[in-house]
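# Inside the fold
Chain residues, written in single-letter form:
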Amino acid sequence: MLVSRTFGEWDNGRYVLMDMSKASQPTINDVARLAGVSKKTVSRVINASPLLNQDTRKRVEQVIAELGYIPNPQARALALRRNFLIGLIHDNPNAQMVLNVQQGLLEVLRDTEFELIVHPVDRGSPAMLEEIRRFLERQRPYGIMLLPPISENDTLAALCRELGVRYVRMGSAPLDEPPNMVASNDREAVRGAVGHLIEAGHRRIGLIAGPHGFRSAIERQHGYEEALEAAGIPIQRTMIVHGDYRFESGMRAADRLLDHSPRPTAVFSSNDEMAAGVFHVARQRGLSVPQELSIIGFDDTPIASHIWPPLTTVRWPIATMARAAALKLVGEASGKGSSDGDASLFVSTLIRRASVAAPGS
């Protein structure tokens, strides 16, 4: 049953009733006319402008609710000179990490006017910055989130400031002012994880580091080295092998480490996917985990609890960091502001499972 919604307005001294059920989709002009204000005032209410008194705001909001008026996002974008898009720009080989970031962003963007657009780039391309410039100028996003390693590029951050684009940089260490970054304590977390191996009695501990040029790889390697130095264990460069955060590179790195004589009794891997590669090679060589080889990863992705024995790992709060980044970008505009959006540094924690034991236990 169609309910007639009847409103009125004064016209040359007469109060004229209007039946909105017979009209087409209500427009901003209808809202302005019925509320007795200008279109500009209605626009200010829609865009949560502070330049309004409360009585006017309430009157306009009441008319919007009664009419069932839905603001045109294209018109709003034109007025604000910004689309309601949040860009996720990355060049990251770790697909699980990118998915976790998307999950965190979408949790905040859900039930708002904002949509997520993902834009992968090639950090090795000399045209990367120009490509991102074209993307920002063409799409005119409301804001963007930059994932490592390109988040570590200060020139890219300067480009965002030049174009007036809101941005948040994710990193394994502080990269910017608090409103423009979310960071984790990777070095400290890895130092604690390797310390856990040392406490279990391990002295020959291999490291599968991340890719050259990644700040995460640098921070995690420093944490490994600091743990060994604190325990008085000499650092052997031949016990450090780099991977690219993919499973196959973890296998290649594990082969090199386990060919070492004497071989390591434990391996710290800079992410879970490479740690899974270590598990695979250990099984191929007939080594039992953790009795003959202890393994720790980093991230706490689903693979960590799905393999056997379950992987001891550092829980990297990726989704939490992404949620905080989204709140920094859209919290005020979306009405979803919270204390999480004020946070910039997030703590990674060691999750102890069954992949660590004393050597030869």
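Quick notes on the rules
Residues numbered from 1 in each chain as written. Predicted model: local features only at pLDDT ≥ 70, side-chain atom pairs only at ≥ 80, totals over all residues. Heavy atoms only, no water. Helix = DSSP H or I, 4+ residues; strand = E, 2+ residues; numbered from the N terminus. Buried < 20%, exposed > 50% of the residue type's maximum accessible area, 1.4 Å probe, protein only. Contact = heavy atoms within 4.5 Å. Pairing = 2+ DSSP bridges. Axes fitted to C-alpha atoms, helices over the stretch in contact; angles between N-to-C directions. Phe/Tyr/Trp six-rings, centres within 6.5 Å; stacked < 30°, edge-to-face > 60°. 1 Å grid on protein atoms, 1.4 Å probe; cavity = no way out; pocket = protein on both sides within 12 Å on 5 of 7 lines; lining within 4 Å. Points joined across faces, edges and corners; volume = space filled by probe spheres on them. Nonpolar A, V, L, I, M, F, W, Y, C, P; charged D, E, K, R; others polar. Core = buried A, V, L, I, M, F, W, Y, C linked by side-chain atoms within 4.5 Å. Expected span 1.5 Å × (residues − 1). Right-handed = clockwise from strand over helix to strand, strands pointing away. pLDDT = per-residue confidence, 0-100. Polar contact = N/O pair within 3.5 Å; in protein donor to acceptor, adjacent residues only side chain to side chain.

## Regarding the overall build of the protein
Along the backbone of the protein there are 13 helices and 14 strands. Residues counted as buried form 52% of the 361 residues belonging to the protein. Contacts in the protein between residues far apart in sequence, at least 24 positions, make up 68% of those at least 6 positions apart.

## A few points about the sheet that holds strand β7 (residues 181-184)
Spatially, β4-β3-β5-β6-β7-β13 is the arrangement adopted by the 6 strands of the open sheet, whose pairing is parallel. Pairing within the sheet leaves two strands with one partner each, and these edge strands are β4 (115-120) and β13 (345-346). Sheet analysis places strand β6 (residues 166-171) next to β7, joined by 3 bridges and oriented parallel. The partner of R169 across the bridge, within β7, is M181. On top of the sheet, helix α6 (residues 128-139) reaches β3 (85-90), β4 and β5 (143-146); it is set at about 160° to β4, its chief contact.

## Thoughts on the packing of aromatic side chains
Given two aromatic rings, their pairing is described by the distance between the two centres and the angle made by the two planes. Applying the stated criterion across every chain yields a total of 5 aromatic pairs. For the pair F214 and Y245, a centre-to-centre distance of 5.7 Å together with 70° between the ring planes defines the contact as edge-to-face. In this pair, F214 is assigned in the loop between β8 (205-209) and α9 (215-230) and Y245 in the loop between β9 (240-242) and α10 (247-258), connecting sequence segments 31 residues apart. You can call F214 buried: its relative accessible area is 2%.

## Topic: empty space enclosed by the protein
The tally for this structure, following the rule as stated, stands at 2 cavities of 30 Å³ or more. The calculated volume of the largest cavity comes to roughly 80 Å³. If you trace the largest cavity, you find it lined by N92, N94, M97, P148, F214, S216, R220, Y245, N271, D299 and W316. Within the lining of the largest cavity, the residues separate by chemical class into 5 nonpolar, 4 polar and 2 charged.

## Here we look at the layout of surface pockets
For the second largest pocket, the calculated volume is near 160 Å³. Lining the second largest pocket, in full, are N100, Q103, D299, D300, T301, R315, W316, P317, I318, A319 and T320. Among the secondary structure elements, those contributing two or more residues to the lining of the second largest pocket are α5 (95-109) and α13 (318-334). A per-element tally of the lining of the second largest pocket places α13 first, with 3 residues. Here the lining of the second largest pocket is composed, by residue class, of 4 nonpolar, 4 polar and 3 charged.

## Details of the sheet that holds strand β12 (residues 312-315)
As summarised here, the arrangement of the 6 strands in space is β9-β8-β10-β11-β12-β14, forming an open sheet in which the pairing is mixed. Each of the sheet's edge strands pairs with one partner strand only, and the pair in question is β9 and β14 (349-351). Geometrically, the sheet is characterised by an average inter-axis angle of 20° between neighbouring strands, direction not taken into account. Where strand β11 (residues 294-299) meets β12, 4 bridges bridge the pair, whose relative direction is parallel.

## Looking at the nonpolar core
Core analysis: the biggest nonpolar cluster contains 49 residues, and V101, M145, M170, V182, V194 and Y224 have the highest contact counts within it. A per-element tally of this core places α13 first, with 9 residues. Apart from residues lying up to four places away in sequence, M170 is in contact with M97, V101, M145, L146, L147, P148, S151, L175, V182, I318, M321 and A322. If you look at the next biggest cluster of nonpolar residues, it comprises 24 residues, including A253, M274, V281 and A304.

## Description of α10
Along an α-helix, a turn takes 3.6 residues, which lines up residues three or four apart on a common side. In a regular helix each residue adds 1.5 Å, so 12 residues correspond to 16 Å; α10 covers 16 Å between its end C-alpha atoms and thus fits that length. Looking at α10, one finds that the buried residues are S249, G250, M251, A253, A254, L257 and L258. The inward-facing, buried residues of α10 contact β8, β9, β10 (266-269) and α11 (272-284).

## A few points about the pairing of β5
Along β5, one buried face is formed by G143 and M145 and the opposite face, lined by I144 and L146, is buried too. Bridge analysis of β3 against β5 gives 4 bridges, and the strand direction is parallel. For G87, the partnering residue across the bridge sits in β5 and is I144. Alignment of β5 against β6, held across 4 bridges, turns out to be parallel. In the strand pairing of β6, M145 is matched with V168. Handedness of the crossover is the feature at issue here: the chain leaves β5, passes through helix α7 (residues 154-163), returns alongside β6, and the resulting connection is right-handed.

## Details of the confidence of the model for the protein
For the protein, per-residue confidence averages 88 on the pLDDT scale, and residues scoring 70 or more make up 86% of the total. When the criterion is pLDDT under 50, residues 1-6 qualifies, and its contacts beyond four places in sequence or with other chains add up to 14 contacts.

## Side note on helix α3 (residues 54-67)
The first and last C-alpha atoms of α3 sit 20 Å apart over 14 residues, in line with the 20 Å expected at 1.5 Å per residue. Two or three places before D55, at the opening of α3, N53 has a side-chain oxygen 3.2 Å from that residue's backbone nitrogen. Looking one or two residues past α3, G68 carries a phi angle of roughly 70°, positive in sign.

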